[in-house]
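# Structure at a glance
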Amino acid sequence: MTLLTMCATQLAFPATKTMFSRILTSALFAGAAAGLIAALLQLYFVQPVLLHAELYEGGDLVHFGADPVTAHPELPGMFAEPVRDGLSIIFTMLTYTGYALALVALMSIAEQQGREINGRTGLLWGLAGFVAFHFAPGLSLAPEVPGVAAADVGVRQVWWTATVATAGVAMWLIAFGGNLVSYLIAAGLLIAPHVVGAPEPDTFAGPVPTEIGALFAARAFGIGMAAWVLLGSFAGYFWQAEGKRANAAA
Amino acid sequence: MTTNAIKASAVGSTILPAVFALILGLGVVTVTGHAQASGLHDAAHDVRHATGFPCH
């Protein structure tokens with residue numbers, strides 16, 4: 001039997017369909033809920049910092065000019081730009097739904113191996129997801145405000161993707177490896193991308209004050225961690241709830 | 001059904017949906033976080049910055 005026909009045959013099994021719809025349903029609920037919370041937190045805590053930076057990016061404010069510049073310029077309030085902020089909410093929810101699909105898929109595999117998945121263990125899953133998707137790449141490619149100098153975006157995306165992949169494998173090994181060798185491999189995988197080094201700009205040309213850049217990176221990490229921990233917990237909870245519902249229906 | 005086929009179906013019913021969901025999820029993240037098409041980039045601009053994706 002070729003691999004393709006095997007896959008096609010598998011898909012016809014009711015058990016396969018049940019499993020797939022359980023993953024989809026749990027991921028959609030968890031991703032939409034965590035994504036909405038993440039979006040609102042970002043709009044309140046991160047967006048004003050971004051808008052402040054854009055005043056420097058666009059040249060409305062100039063750092064280190066002849067006159068001192070106020071640290072508290074007039075900024076548009078939350079939802080002052082409904083289309084822009086609405087799109088941000090939609091795309092944050094989509095992004096977190098994408099994370100949730102990957103997370104729940106891995107949770108389903110872990111549960112098959114006898115691991116307990118629920119809202120409580122989900123907290124750790126969320127923390128591991130934050131490390132893999134935000135913290136590991138962000139350690140060398142810090143979340144950046146608009147206007148900073150940076151290397152070519154394509155090269156940074158390749159490095160980002162490779163770092164997320166190696167960190168993801170490392171988190172799985174730390175959680176489920178269960179022996180010294182897997183912990184050592186995990187440590188190597190976590191460190192390697194930063195030893196290789198992230199793509200850096202040739203020269204610094206960012207017009208944005210360092211205070212704004214630092215606050216932006218810190219806030220992006222903080223909100224990312226909060227949202228991921230919630231995502232993990234929601235994913236674990238809905239995975240349990242959907243499993244019980246499917247069992248009751250069967 | 002032979003024993004092997006039963007075994008295969010048991011493995012398939014758990015692994016295959018997980019693999020599909022994983023690919024789907026990473027695909028969604030790639031589109032919202034990385035795709036450089038200008039409309040997508042503009043719409044997702046603030047999210048990409050706030051979520052730590054390389055943006056532009």
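Thresholds applied
Residues numbered from 1 in each chain as written. Chains lettered and ligands numbered in written order. Predicted model: local features only at pLDDT ≥ 70, side-chain atom pairs only at ≥ 80, totals over all residues. Heavy atoms only, no water. Contact = heavy atoms within 4.5 Å. Buried area = accessible area lost by both parts, 1.4 Å probe. Salt bridge = Lys/Arg side-chain N within 4 Å of Asp/Glu carboxyl O. Polar contact = N/O pair within 3.5 Å; in protein donor to acceptor, adjacent residues only side chain to side chain. Helix = DSSP H or I, 4+ residues; strand = E, 2+ residues; numbered from the N terminus. Nonpolar A, V, L, I, M, F, W, Y, C, P; charged D, E, K, R; others polar. Core = buried A, V, L, I, M, F, W, Y, C linked by side-chain atoms within 4.5 Å. Buried < 20%, exposed > 50% of the residue type's maximum accessible area, 1.4 Å probe, protein only. pLDDT = per-residue confidence, 0-100. Phe/Tyr/Trp six-rings, centres within 6.5 Å; stacked < 30°, edge-to-face > 60°.

## Comments concerning the interface of chain B and chain A
- Counting residues at the interface gives 35 residues for chain B, matched by 46 residues for chain A.
- Sorting the residues of chain B by area buried against chain A places D46, H49 and P54 of chain B first, and these three jointly supply 16% of that buried surface.
- With a shortest N-O distance of 2.6 Å, D46 of chain B and R84 of chain A are connected by a salt bridge.
- Applying the counting rule to chain B against chain A returns six residue pairs in polar contact (both at pLDDT 80 or more).
- Elements represented by at least two residues in the side of chain B that touches chain A include exactly helix 1 (3-33) and helix 2 (38-50) of chain B.
- The biggest single contributor to the side of chain B that touches chain A is helix 1 of chain B, with 18 residues.
- Its residues assigned to classes, the side of chain B that touches chain A comprises 21 nonpolar, 13 polar and one charged.

## What to know about the nonpolar core
- Core analysis: the largest hydrophobic core is formed by 37 residues, its most contacted members being Y99, W228 and L231 of chain A.
- Looking at this core, the elements with two or more residues in it are helix 2 (14-57), helix 3 (82-112), helix 4 (121-140), helix 5 (153-176) and helix 7 (210-249) of chain A together with helix 1 of chain B.
- Ranked by residues supplied to this core, first place goes to helix 3 of chain A with ten residues.
- L231 of chain A has contacts with A30, G31, A34, Y96, Y99, A100 and L103 of chain A, leaving out every residue within four places of it along the chain.
- Counting residues in each nonpolar core, the second largest holds twelve residues, with L50, V208 and F216 of chain A together with A50 of chain B among its members.

## Quick notes on the side chain of N118 of chain A
All names here are of chain A.
- Within the fold, N118 resides in the loop between helix 3 and helix 4.
- Reaching out from N118, the side chain makes a polar contact with the side chain of E116 at a distance of 2.8 Å.
- Side-chain polar atoms of N118 contact the backbone nitrogen of R120, separated by 2.9 Å.
- The contact partners of N118, leaving out residues within four places of it in the chain, are G236, Y237 and Q240.

## Notes on the confidence of the model for chain B
- When pLDDT is averaged along chain B, the result is 85; 79% of the residues meet or exceed 70.
- Of the two predicted TM-score estimates for the complex, the pTM is 0.92 and the ipTM is 0.90.

## A look at the packing of aromatic side chains
- Counted under the stated rule, the structure contains 17 aromatic pairs over all chains.
- For the ring pair F133 of chain A and W228 of chain A, a centre distance of 5.6 Å and an interplane angle of 20° mean the geometry is stacked. In this pair, F133 of chain A sits in helix 4 while W228 of chain A sits in helix 7, placing the two residues 95 residues apart along the sequence. An identical accessibility class is assigned to F133 of chain A and W228 of chain A; each is buried.
- Connected via pairs of aromatic rings, a cluster forms that spans Y96, Y99, F133, W160 and W228 of chain A together with F53 of chain B.

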